[in-house]
Amino acid sequence: MEKFGYSGGYTKKHAAHLKQGTDEILARIYEAVFEPLEMMIETNRIIIIPHGPLHYVPFHALSDGLEYLLDQFEISRAPSASVLKMCRASARRRSRQKTMLAVGVSAPDLPHVEDEIAGLCEVFADAVALTGSEATQKNFLRLASCSRYLHIASHGRFRQDNPMFSSLRLADSHLNFYGLLDLRLRAEMVTLSACQTGVSAIIPGDELHGLMRGFLCAGAPSLVVSLWMVSDRSTALLMTEMYKRISAGETKRAALRAAQLEVRNLYPHPYYWAPFVLMGNPN
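Definitions and cut-offs
Residues numbered from 1 in each chain as written. Predicted model: local features only at pLDDT ≥ 70, side-chain atom pairs only at ≥ 80, totals over all residues. Heavy atoms only, no water. Helix = DSSP H or I, 4+ residues; strand = E, 2+ residues; numbered from the N terminus. Rg over C-alpha atoms; globule rule 2.2 N^0.38 Å. Buried < 20%, exposed > 50% of the residue type's maximum accessible area, 1.4 Å probe, protein only. Contact = heavy atoms within 4.5 Å. Phe/Tyr/Trp six-rings, centres within 6.5 Å; stacked < 30°, edge-to-face > 60°. Lys NZ or Arg CZ within 6 Å of the ring centre and 35° of its normal. 1 Å grid on protein atoms, 1.4 Å probe; cavity = no way out; pocket = protein on both sides within 12 Å on 5 of 7 lines; lining within 4 Å. Points joined across faces, edges and corners; volume = space filled by probe spheres on them. Nonpolar A, V, L, I, M, F, W, Y, C, P; charged D, E, K, R; others polar. Pairing = 2+ DSSP bridges.

Here's the deal with the overall build of the chain
Here is step 1 of the chain: Scanning the chain from terminus to terminus reveals nine helices and 13 strands.
Here is step 2 of the chain: Over its C-alpha atoms the chain spans a radius of gyration of 18 Å, differing by no more than 12% from the 19 Å that the globule rule assigns to 283 residues.
Here is step 3 of the chain: Each principal axis of the C-alpha distribution contributes one length, and for the chain these read about 50 × 45 × 40 Å.
Here is step 4 of the chain: Across the 283 residues of the chain, 55% fall into the buried class.
Here is step 5 of the chain: Counting only contacts in the chain whose residues sit at least 6 apart along the sequence, the fraction spanning at least 24 positions is 78%.

Some remarks on the packing of aromatic side chains
Here is step 1 of the chain: Within the structure shown, the criterion is met by 13 aromatic pairs.
Here is step 2 of the chain: Ring geometry for Y68 against W273: centres 5.0 Å apart, planes inclined by 70 degrees, an arrangement best described as edge-to-face. With Y68 in the loop between β1 (45–48) and β2 (74–77) and W273 in helix α9 (residues 270–273), this residue pair connects regions lying 205 residues apart in the sequence.
Here is step 3 of the chain: Residue Y68 is classed as buried on the basis of its relative accessible area, which comes to 9%.
Here is step 4 of the chain: The interplanar angle of 75 degrees and the centroid separation of 6.2 Å between the aromatic rings of Y149 and Y243 together place this pair among those described as edge-to-face. In this pair, Y149 is assigned in strand β5 (residues 149–153) and Y243 in helix α7 (residues 232–247), connecting sequence segments 94 residues apart. Grouping residues by exposure puts Y149 and Y243 together as buried.
Here is step 5 of the chain: Between R264 and the ring centre of W273, over which it is positioned, the NZ or CZ distance is 5.7 Å.

Quick notes on empty space enclosed by the protein
Over the atoms, a rolling probe the size of a water molecule traces out where space has been left empty.
Here is step 1 of the chain: Under the definition given, this model contains four cavities of 30 Å³ or more.
Here is step 2 of the chain: What the largest cavity holds in volume is close to 110 Å³.
Here is step 3 of the chain: In terms of lining, the largest cavity is formed by 15 residues, of which the most central are H60, I75, S76, L256 and Q260.
Here is step 4 of the chain: When residues of the lining of the largest cavity are traced back to their parent elements, those giving at least two are β2, α8 (252–266) and β13 (276–280).
Here is step 5 of the chain: For the lining of the largest cavity, the per-class residue count stands at eight nonpolar, three polar and four charged.

Let's talk about the pairing of strand β12 (residues 222–226)
Here is step 1 of the chain: Burial analysis of β12 places five of its five residues in the buried class, the great majority of the element.
Here is step 2 of the chain: The alternating pattern of β12 places S222, V224 and S226 and L223 and V225 on opposite faces, both of which are buried.
Here is step 3 of the chain: Of the strand pairs in this sheet, strand β9 (residues 189–193) and β12 are connected by two bridges, and their pairing is parallel. Bridged to T191 within β12 is V224.
Here is step 4 of the chain: In this structure, β12 lies alongside β13, joined through five bridges in antiparallel fashion. Considered in β13, the bridge of S226 is made with F276.

Right, dumping it as structure tokens:
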């Protein structure tokens, strides 16, 4: 996946080779991890609670050589069974306000962030958008606690040396775990539309330390996060399609899957359609 950060048209020149190599690796993980369990699964809706390095695996992109698990299953995940229980309990206490808070911080290497925010505002007519100089930490914290859907499109950075300082860039600061300590969310779902927002350090006890933990502690029952560096063009398409389906009444898990299938039609490599996962309550 990191090869998609190379410059000079590398990915276009080697597109077929990159997809073949990625699919081979995903098939090997499928054979080792999922295939031994598949015959015991009697539903097309799965919640995966990974352990250790499996926290970094995009299960929906695993392949049996003919198709991806995305083609068969609606997949969500949780850091642990206790966190899943907490997220389900939190979801039952949500207020049903309609407002979406859409925060977008564009940059020369993120030219499609504004398109992403505009697309979400078309889906939710009452959306509140914070872009440009308005996308400050003060404005975000003031509005986040009273929004039904919270969406942040920006630069994300995972700090391997100090995971709790992993952050999202805002107009005037970098939002990290410690900036969320006083936040109490009533949101139904939080989407962190940036690079590596779902990557955490795994400490003894299989606990995850990173930005994602901050939003879960703040009360987010459902969280959409990414496992690697993402393309802002394909991400903008995916997010708009996902929210259209959620607005139409689909579950979050079903909406994310349908959006990934749509993006895959345009961008076949898993790098583009598979980085985002749904954590917590899938409904």
